[in-house]
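Residues per chain, in single letters:
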Amino acid sequence: MYEVYNGQRVYYYLPEGDVILLGNMISKDNKNMTQESIAKKMTSKLSNLPLDKALKIGNGKTKIVEFIDPNCHYCRLSFNFFNQRKKDVTLYVFFYPLSEDSAKKIRHILCSKDQAQAYDDVLSGKLDANAQFNLCSDQAADNVEKSHQEISAKVGVRSTPLFYIKGQVVPGFDQPAIEKLLAE
């Protein structure tokens, strides 16, 4: 069996029978070998990201790269978790919208004078009930949105949240894994 990676997905090829398999390969000790393989491939791409293109939240010594959608339930859980840790972590947030409403909320954040406060308002749910968004036609906001799309595609982001912490990829809000990495 051969593993084939196309930049976003892992496929498995069985020459005998000329068969291609798509899905997660799980070992007998319940490790998701496909997820581990994708994480290894993403690591080299994540280690060289242009952090100046991200929204910076916090001032802690531990740098965390995060890909989020503002309407994603698990992204909001991670927001609540990291909101308690602003003194020991610095988040570098890249937006990956999964819906039109998410794109509007991201645009609102990027168009705001205080982007960190707008980020807090959006992720805390304060703007969920028919809020009026600031959807400016600013070239700088356009450039940030475009760079986040390009970076997400280059990394191979397909779902949110996705974290890069201390050289490790953490897909989803796996709080025990995140806490373990932060404790190291």
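Up top is the structure these notes are about.
Trainee: Would you mind going over the state of the cysteines in detail, with residue names and values included?
Mentor: Using the criterion set out here, one finds one disulfide in the structure. Sulfur-sulfur distance for the disulfide between C111 and C136 comes to 1.9 Å. Between C111 and C136, the S-S torsion sits near -75°, and that sign places the bridge as left-handed. With C111 in helix α3 (residues 100–111) and C136 in the loop between α4 (115–123) and α5 (139–155), the pair connects residues that are 25 residues apart, well separated along the chain. Judged by relative accessible area, C111 falls into the buried class, the value being 12%.

Trainee: Any chance you could break down the packing of aromatic side chains for me, citing the residues and the numbers?
Mentor: In the structure shown here, the tally under the stated rule is five aromatic pairs. Their ring planes at 20° and their centres at 5.3 Å tell us that F67 and F94 sit as a pair that is stacked. Linking F67 in strand β5 (residues 62–68) with F94 in strand β6 (residues 89–95), this pair joins segments that are 27 residues apart in sequence. Since its relative accessible area comes to 1%, F67 is described here as buried. Consider the rings of F79 and Y119, whose centres lie 5.8 Å apart with planes at 75°: the pair is edge-to-face. With F79 in helix α2 (residues 73–83) and Y119 in helix α4, this residue pair connects regions lying 40 residues apart in the sequence.

Parameters and conventions
Residues numbered from 1 in each chain as written. Predicted model: local features only at pLDDT ≥ 70, side-chain atom pairs only at ≥ 80, totals over all residues. Heavy atoms only, no water. Disulfide = S-S within 2.5 Å. Helix = DSSP H or I, 4+ residues; strand = E, 2+ residues; numbered from the N terminus. Buried < 20%, exposed > 50% of the residue type's maximum accessible area, 1.4 Å probe, protein only. Phe/Tyr/Trp six-rings, centres within 6.5 Å; stacked < 30°, edge-to-face > 60°.

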